[in-house]
Amino acid sequence: MHPFAYTKPADTRSALVAGARGGRYIAGGTTLVDLMRETVERPGTLVDISGLPLRDVRTGERRELRIGALARMSDVAAHPRVRSAYPVVSQALELSASAQLRNMATIGGNIMQRTRCTYFRDVSAACNKRQRGSGCAALEGYNRSHAILGTSDACVATHPSDLAVALAALDTVVHLLGPDGERSLTLTEFLLRPGSTPDREHDLRPGELITALEIPPHPQPLRSGYLKVRDRQSYEFALTSAAVVLHITGGVIRDARVAAGGVGTVPWRLTAVERRLVGARPSDRLWAQAAAEASHGARPLRHNGFKTELLERTVERQLRTVGGTP
Amino acid sequence: MSAEISNDDPDVEVPEVSRRGFLSTTAAGGVAAGVLPSSLAAGRADASAGRAAPSGGQSSALSVTVNGRRHQVTVDNRTSLLDLLRERLALTGTKKGCDQGACGACTVLVDDRRVNACLTLAVRCEGAEVTTIEGLAAQDGERDGELHALQRAFIEQDAFQCGYCTPGQIMSGVACIREGHTGSREEIREWMSGNICRCGCYVKIVNAVEQAARGGRD
Ligand SMILES: Cc1cc2nc3c(=O)[nH]c(=O)nc-3n(C[C@H](O)[C@H](O)[C@H](O)COP(=O)(O)OP(=O)(O)OC[C@H]3O[C@@H](n4cnc5c(N)ncnc54)[C@H](O)[C@@H]3O)c2cc1C
Ligand code: FES
Ligand code: FES
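Think of each chain on its own: its residues are numbered from 1, step by step along the sequence as written. As they are written, the chains are lettered A onward and the ligands numbered 1 onward, keeping that order. Since the coordinates come from a predicted model, pLDDT governs what is reported: local features require at least 70, and pairs of side-chain atoms require 80 or more to be given and counted, while whole-chain, interface and lining totals use all residues. Derived side-chain values reflect all non-hydrogen atoms in the structure, with water molecules and hydrogen atoms excluded from consideration.

Looking at an unreviewed UniProt entry, one finds chain B named 2Fe-2S iron-sulfur cluster binding domain-containing protein, with Actinomadura rudentiformis as its source organism. UniProt positions are given in the numbering used here, feature names are shortened, and annotations may be inferred rather than shown by experiment. Recorded in UniProt for chain B, the comment headed Pathway (unreviewed entry) runs: "Alkaloid degradation; nicotine degradation."

Per an unreviewed UniProt entry, chain A is named Xanthine dehydrogenase family protein subunit M, and its organism is Actinomadura rudentiformis.

Any two residues having at least one pair of non-hydrogen atoms within 4.5 Å are treated as being in contact. Across the boundary between the two partners, chain A contributes 33 residues, which contact 32 residues of chain B. Here the buried area means the combined drop in accessible surface, using a 1.4 Å probe, for two parts upon being joined, counting both sides. Taken over both partners, the interface formed by chain A and chain B buries close to 2800 Å², and the fraction arising from carbon and sulfur atoms is 48%. Of all residues in chain A, A:R37, A:Q100 and A:Y235 give up the largest surface area on contact with chain B, accounting jointly for 26% of the area buried on that side. For this document, the term salt bridge refers to a Lys or Arg side-chain nitrogen within 4 Å of an Asp or Glu carboxyl oxygen. A salt bridge links A:R37 to B:D99, with the nearest nitrogen and oxygen atoms 3.3 Å apart.

Right, let's talk about the pattern of salt bridges for a bit. In this structure the tally under the stated criterion is 38 salt bridges over all chains. Note that A:E201 and A:R114 form a salt bridge whose closest N and O atoms lie 3.0 Å from each other. Here A:R114 lies in the loop between α7 (107–112) and α8 (118–121) and A:E201 lies in the loop between α11 (187–190) and β8 (209–215), a separation of 87 residues in the sequence. The classification of residues rests on relative accessible area computed with a 1.4 Å probe and restricted to protein chains. Under 20% of the type maximum is buried, over 50% is exposed, and intermediate values are partly exposed. For A:E201, a relative accessible area of 13% gives the class buried. Its relative accessible area of 15% is what places A:R114 among the buried residues. Salt-bridge contacts for B:D158 lead to B:K204; the nearest nitrogen and oxygen are separated by 3.7 Å. Taken together, the residues B:D158 in the loop between α4 (149–157) and α5 (166–179) and B:K204 in helix α7 (residues 202–215) connect sequence positions 46 residues apart. Overall, the relative accessible area of 43% leaves B:D158 in the partly exposed class. The numbering of helices and of strands both runs from the N terminus, where a helix is a DSSP run of H or I of at least 4 residues and a strand a run of E of at least 2.

Residue and element names in this part refer to chain B. Assigned domains within chain B: domain 1 (60–135) and domain 2 (149–215). For the pair domain 1 and domain 2, the two sides together bury roughly 1300 Å², of which 56% comes from carbon and sulfur. At the boundary of domain 1 and domain 2, one finds 2 salt bridges. With its nearest N and O atoms 3.7 Å apart, the salt bridge here joins D112 to R178. N or O atoms within 3.5 Å of each other form a polar contact, as long as, within protein, one can give a hydrogen and the other can take it, and as long as residues adjacent in sequence are counted only when both atoms are side-chain atoms. One can count 7 residue pairs in polar contact (both at pLDDT 80 or more) joining domain 1 with domain 2. Of the residues contributing to the side of domain 1 that touches domain 2, the split by class is 6 nonpolar, 6 polar and 4 charged. Here the limits of each domain have been adopted from an automatic or database domain assignment. Charged means Asp, Glu, Lys or Arg here, nonpolar means Ala, Val, Leu, Ile, Met, Phe, Trp, Tyr, Cys or Pro, and polar covers whatever is left, Gly included.

Interpreting fine coordinate detail is not advised for predicted regions of low pLDDT. Residues and elements named next belong to chain B. Predictor confidence is given residue by residue as pLDDT, running from a minimum of 0 to a maximum of 100. Per-residue confidence for chain B gives a mean pLDDT of 83; residues scoring 70 or more make up 73%. Contacts from residues 47–54, a stretch scored under 50 in pLDDT, to residues over four places away or in other chains number 16 contacts. Two summary scores accompany this predicted model of the complex, namely pTM at 0.92 and ipTM at 0.97.

Once that is clear, we can look at a nonpolar patch on the surface. The residues that make up patches have over 30% relative accessible area and no salt bridge, and they are joined within 9 Å when like-charged or within 5 Å when they are Val, Leu, Ile, Met, Phe, Trp or Tyr. Every accessible area reported is derived by Shrake-Rupley at a probe size of 1.4 Å, with residue values counting cover from the shown protein chains alone. The grouping of B:L147, B:I155 and B:F160 at the surface amounts to a nonpolar patch, some 240 Å² of accessible area in total. Within the secondary structure, B:L147 sits in the loop between β5 (129–131) and α4.

By convention, interface size is frequently given as the accessible area that disappears when the constituent parts associate. Under the domain assignment, chain A is made up of domain 1 (1–53) and domain 2 (223–323). Centre-to-centre, using C-alpha coordinates, domain 1 of chain A lies 36 Å away from domain 2 of chain A.

Further remarks concern the packing of helix α13 (residues 284–291) of chain A against helix α14 (residues 306–323) of chain A. Residue and element names in this part refer to chain A. Every axis corresponds to a line fitted to the C-alpha atoms, with the helix fit spanning only the stretch in contact, and the corresponding angles, defined between N-to-C directions, vary from 0 to 180 degrees. Across the interface, α13 lies against α14 with an axial gap of 8 Å and an inter-helix angle of 145°. With respect to the hand of their crossing, α13 and α14 are arranged in right-handed fashion. Along the contact surface, α13 presents D284, W287, A288, A290 and A291, while α14 presents E312, V315, E316, L319, R320 and G323. Note on convention: near helix rotated counterclockwise from far helix by under a right angle means a left-handed crossing. Clockwise means right-handed.

What follows is about unusual backbone geometry. Residues and elements named next belong to chain A. With omega at -5°, the peptide bond leading from Q220 into P221 counts as cis. The backbone of R63 sits at a positive phi, close to 70°, despite the residue not being glycine. Looking at where R63 falls in the secondary structure, it is placed in the loop between β4 (57–59) and β5 (65–68). At D171, a position not held by glycine, the phi torsion is positive, near 55°. According to the relative accessible area criterion, D171 is partly exposed, its value standing at 32%.

In this section: the packing of α4(B) against α5(B). The axes of two packed helices give the description: the angle between them and the distance between them. Residue and element names in this part refer to chain B. Axis separation between α4 and α5 bottoms out at 10 Å; the angle between their running directions is 125°. Between α4 and α5, the interaxial angle falls into the category oblique. The hand of the α4/α5 crossing is right-handed. Together, L150, Q151 and F154 of α4 and T166, Q169, I170, G173, V174 and I177 of α5 make up the contact between the two elements. Along the lines of polarity and charge, the residues of the contact of α4 with α5 split into 5 nonpolar, 4 polar and no charged. For classification, angles of less than 35 degrees are called roughly parallel, those exceeding 145 degrees roughly antiparallel, those between 65 and 115 degrees roughly perpendicular, and all remaining angles oblique.

Turning next to the sheet that holds strand β9 (residues 223–229) of chain A. Residue and element names in this part refer to chain A. Here a strand pair is declared whenever DSSP counts at least two bridges between the two strands. The strand order across the open sheet built from 4 strands is β9-β10-β11-β12, with neighbouring strands paired in antiparallel fashion. Where the open sheet ends on each side, the last strands, each with one partner, are β9 and β12 (268–269). Relative to β9, helix α5 (residues 87–94) is tilted by about 20°, and along the sheet it contacts β9 and β10 (240–249).

What follows deals with the pairing of strand β11 (residues 252–261) of chain A. Regular strands have side chains that alternate between both faces of the sheet. All names here are of chain A. With 9 of 10 residues buried, β11 lies mostly within the body of the structure. Two successive antiparallel strands, β10 and β11, enclose a turn made up of 2 residues, where G250 displays a positive phi of approximately 55°. With 2 bridges joining them, β11 and β12 adopt antiparallel strand pairing. Its bridge partner lying in β12, A259 is registered against R269. Connecting β11 to the next strand, β12, in antiparallel fashion are 6 residues, including G262 with a positive phi near 80°.

Here we come to the site of ligand 1. When at least one non-hydrogen atom of a residue lies within 4 Å of a molecule or strand, that residue is treated as near it. The environment of ligand 1 is made up of 35 residues, and the closest members are A:Y25, A:G29, A:T30, A:T31 and A:T106. Of the chains in the model, those with residues near ligand 1 are chains A and B. Separating an oxygen atom of ligand 1 from a backbone N or O atom of A:L32 is a distance of 2.8 Å. Separating a nitrogen atom of ligand 1 from a side-chain N or O atom of A:Q113 is a distance of 3.2 Å. Coverage of ligand 1 by the protein amounts to 98% of the 980 Å² it exposes when considered alone. Going through the elements one at a time, β2 (24–26), α7 and β8 of chain A are the ones with two or more residues in the shell around ligand 1.

Across soluble globular proteins, you tend to see nonpolar side chains buried next to one another. Grouping buried Ala, Val, Leu, Ile, Met, Phe, Trp, Tyr and Cys residues that are joined through side-chain atoms within 4.5 Å yields what is termed a nonpolar core. Ranked by size, the top nonpolar core spans 66 residues in total, and within it A:V89, A:L277 and A:V315 carry the most contacts. A total of 7 residues in this core trace back to one element, the largest contributor, which is helix α10 (residues 163–169) of chain A. In this structure A:V315 touches A:A242, A:V258, A:L270, A:V273, A:A291 and A:A294, once residues within four positions along its chain are discounted. Counting residues in hydrophobic clusters, the runner-up holds 35 residues, among them B:L84, B:L85, B:V108 and B:C118.

This is the structure we're talking about:
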């Protein structure tokens, strides 16, 4: 690990000042400390934001749910309103990492976590995400866990967050505060596809702080759930996953939101699947037909061809679990 | 691995010579290195765990309470809580398996929540209360030294082989019971999944957590 200076500001203003001077924010530290030890990350100054008042989870006037960026994964998963209104969020969280890590890690850090691609983590390997222009060892290397959607010739690494998949399905908004004031983006706008600049992973300007994530109000009743498929039953990243959110009244699906994880360079909204669902009546046949659209546009690599079919099956299973069969 | 264990830092309490002190001295002499279990050899401390702090604002003074005892130390900012415990405070019960958050051997309680000490920077523990495996047994009065119910359950259930993962399993289990995630064997398995056992003692580990949870004592 490279040496670094450490500061812990007591308020948001001082944090922004330290951030503007090039300091790196540290929240739970579960991504950052790990990557600093591998020397993938080499910040000169760590700005510890854990003392800032950004931990609240609260419901606003429009019934939107605002989750402070520093709320811990375990606390958000256990929050009564999250559990009752958005099971897809609490399930995605409780299927992530371990109880210990969820006690440390924050919601803001979670959507900012970096890929688990082993070539990215290995400073001796070529990786355009770590060092632009150095090449991508995964393209010709062992790429079983890599992405099949949203990839480019420069990068095929997945975004590993489970939570971000659930939040993408719910059209979550990211609230930012920087030297130039506040701004807000949807999570889908915030997380960037690799293209020719895989080192640019998000639209966070220098010194900007994520203050909160906001789930906008959704039509009621809302059913939702998260399914994660992996090599072992727990404490493992997804090979494929599906977040399904359905609004059904009078036996007809009025609104459908479906997103996939483990397969995309960013959390992947399955708009073709959603289009199939809206206006239709739940049935096993519908789930199968809609799920068949899930891997639309997929570009499998040498070792991850299995993900195409696995994704379709994951989506079908989760549509049936959430939507039921009449 | 640091061969130093005696402590010339006036602000750190000096522990008695321990089995660990003996082991590391012997290893430094080149005698026992070949017989050290590979898991121990893999447990390299960051160079940053060494005592000499670099200059230029890259070290910090800190006050942290471990198992009820307050310590004032100056640490290199890179030092993990795990290395602070093991290399500076000679509390070697907490183990280093992966140093990446992926095994749970380093599990301790910080302010009563279970965390991975390997991914916790010591400098961030200012004012914190840390509990390690050494702090679980009763520490005063008539019951002084009496093991925690979960420690006894591990012995009674024979829930380990090599024992390397055991301190982390027990610390995690104590938290798991307090959190109330022991409604069924499946629930215990899921909520204990952050602790890997290379020897595969999972069935008996679940037995032990179940026994202590049903005993209702912690
Ligand atoms: C062994 C292991 C297994 C895991 N398994 C899973 C899994 O199955 N599913 C899953 O989803 N995740 C998993 N994770 C990842 C884990 O969820 C993330 O490491 C964690 O959520 C990151 O949050 P943090 O608060 O610790 O972030 P930090 O490490 O503190 O920060 C991460 C990044 O975000 C930046 N940052 C943090 N907060 C802010 C903010 N408020 N504003 C601006 N920038 C900020 C930091 O500068 C840094 O670049 C696993 C991690 C490990 C180590
Ligand atoms: S040593 Fe900390 S999790 Fe493995
Ligand atoms: S008892 Fe050997 S690793 Fe668990």
